[in-house]
Every structure is written in structure tokens, then in C-alpha cells.
Amino acid sequence: MLKGINPLLTPELLKILMEMGHDDALVLGDANFTAMRFAAGKPVIRLPGTSMAQVTHAITSVLPLAADVAHPVAFMQASGTEPPALSALQREVLALVEPELRSGQSAEPLERFAFYERARAAYAYVMTGELQPFGNFILRKGAIGENLRP
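Residues numbered from 1 in each chain as written. Predicted model: local features only at pLDDT ≥ 70, side-chain atom pairs only at ≥ 80, totals over all residues. Heavy atoms only, no water.

Enquirer: Which residues make up the environment of Leu94, and what values go with them?
Expert: Along the chain, Leu94 falls in helix 4 (residues 88-97). Classification of Leu94 by relative accessible area gives buried; the value is 15%. When the C-alpha atoms of Leu94 and Ala74 are compared, they prove to be 9.7 Å apart, with 20 residues separating the residues in sequence. Setting aside its immediate chain neighbours within four residues, Leu94 contacts Phe75, Leu86, Ala107 and Phe137. (Helix = DSSP H or I, 4+ residues; strand = E, 2+ residues; numbered from the N terminus. Buried < 20%, exposed > 50% of the residue type's maximum accessible area, 1.4 Å probe, protein only. Contact = heavy atoms within 4.5 Å.)

Enquirer: I'd like to hear about the nonpolar core, residue by residue, with values.
Expert: Inside soluble globular proteins, nonpolar side chains tend to come together where they are buried. With 27 residues, the main nonpolar core has Leu13, Leu17, Leu26, Leu28, Ile59 and Val126 as its most contacted residues. Secondary-structure elements contributing two or more residues to this core are helix 1 (11-19), strand 1 (25-29), strand 2 (44-47), helix 3 (52-60), strand 3 (73-76), helix 4, strand 5 (124-128) and strand 6 (137-140). Setting aside residues no more than four positions away along its own chain, Leu28 makes contact with Met52, Val55, Thr56, Ile59, Val126, Gly135, Asn136, Phe137 and Leu139. Val27, Ala39, Ala74 and Met76 belong to the second-largest nonpolar core, a separate cluster that totals 16 residues. (Core = buried A, V, L, I, M, F, W, Y, C linked by side-chain atoms within 4.5 Å.)

Enquirer: Outline the pairing of strand 2, listing residues and values.
Expert: The two faces of a sheet get side chains in turn, since along a regular strand they alternate between them. Judged by which residues are buried, strand 2 turns out to be one-sided: Ile45 and Leu47 face inward and are buried, whereas Val44 and Arg46, on the alternate face, are not. Across four bridges, the pairing between strand 2 and strand 5 is parallel. Bridge assignment links Val44 to a residue of strand 5, and that residue is Tyr125. (Pairing = 2+ DSSP bridges.)

Enquirer: Outline the pairing of strand 5, supporting the account with residue identities and numerical values.
Expert: Across the five residues of strand 5, five count as buried, placing the element largely inside the fold. In strand 5, alternate side chains face the same way, and those of Ala124, Val126 and Thr128 on one face and Tyr125 and Met127 on the other are all buried. In this structure, strand 1 lies alongside strand 5, joined through four bridges in parallel fashion. Across the sheet, residue Val27 finds its bridge partner in strand 5, namely Tyr125.

Enquirer: Lay out the packing of aromatic side chains with the relevant residues and their values.
Expert: Counted under the stated rule, the structure contains six aromatic pairs. Taking 6.1 Å as the distance between ring centres and 90° as the angle between the ring planes, the aromatic pair formed by Phe33 and Phe115 counts as edge-to-face. With a gap of 82 residues between them, Phe33 in the loop between strand 1 and helix 2 (35-39) and Phe115 in helix 5 (residues 112-119) connect regions that are remote in the sequence. The class for Phe33 is buried, based on a relative accessible area of 7%. Accessibility expressed as a relative area gives 0% for Phe115, which makes it buried. Counting every residue linked through ring pairs, the aromatic cluster contains Phe33, Phe38, Phe113, Phe115 and Tyr116. (Phe/Tyr/Trp six-rings, centres within 6.5 Å; stacked < 30°, edge-to-face > 60°.)

And the structure:
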């Protein structure tokens, strides 16, 4: 155990987060997400019994979000709602990442198949035990010290 590290951050997950480079994407999938289809040999970490909010909180405690893009966070829009509405889970997770966003940044809603297309390019996948449908997010890693640029 390490002091100050959320216990959901397993050694395998910490290794992946450390290996990721600036602008690499990490998919946080709900229990229904088909990560193995998209992973194609890329790392898949399973955290059964966890909620999306718990995992998002743990990961964003150590992972800087990209500062040089308008949307360092993306989420899957709920299908079948006009206009697209946010679920309670999406509102909860977006409230967790909002303090990590810089001025002018926001989370980007993606239609389900557009989300899948972007997920294919991810560096790694974290599967949660989240049962809420459309509970999928993509985080883009930033760099430590991005705010130190001249």
C-alpha cells in the first residue's frame, strides 16, 4: 500500500497510467462496454464491483487531463432521447471531472457509434462494474507542467 493513493488504483492500472503519454486516451467503460472487441491486444483492466464515479475519482486524482484541447473528456450520449439528455450517472461523473478542466474546456458528448470509433484508438481500457447504460467515458491524458509554458 502507498500513502495517498486510492486503493482502486491497482499496480497494473498505475503502470498503465504511468506508461501513457501526452494525449493518449483512456476509456472508462461500464459493465456492458465491449472493451475486448476494441482493445485488440491493448491493456484492459477490470475493476468489478466499482462504480464509474469511484473509478473516475481515483483516476483523476493522479491523471492530468490534456490542457491543449477543447474536450479532454468525452462521454457516450444516451440513445433515444431528443434532445440528448444527461443521465444521473453522467451528471455525477461530469461534476467530478469539471474541477480538472481549464477555462474554455468542456466534456464532449458523442453519439454511441462515434464514441465506439474514438474508443478504438484508446491506449487502454478500464472496465468498471457500473450498471447504468451509456456510462462510458474517455479521458485524454495531459502533461504535468503544461501550465508552466511561457
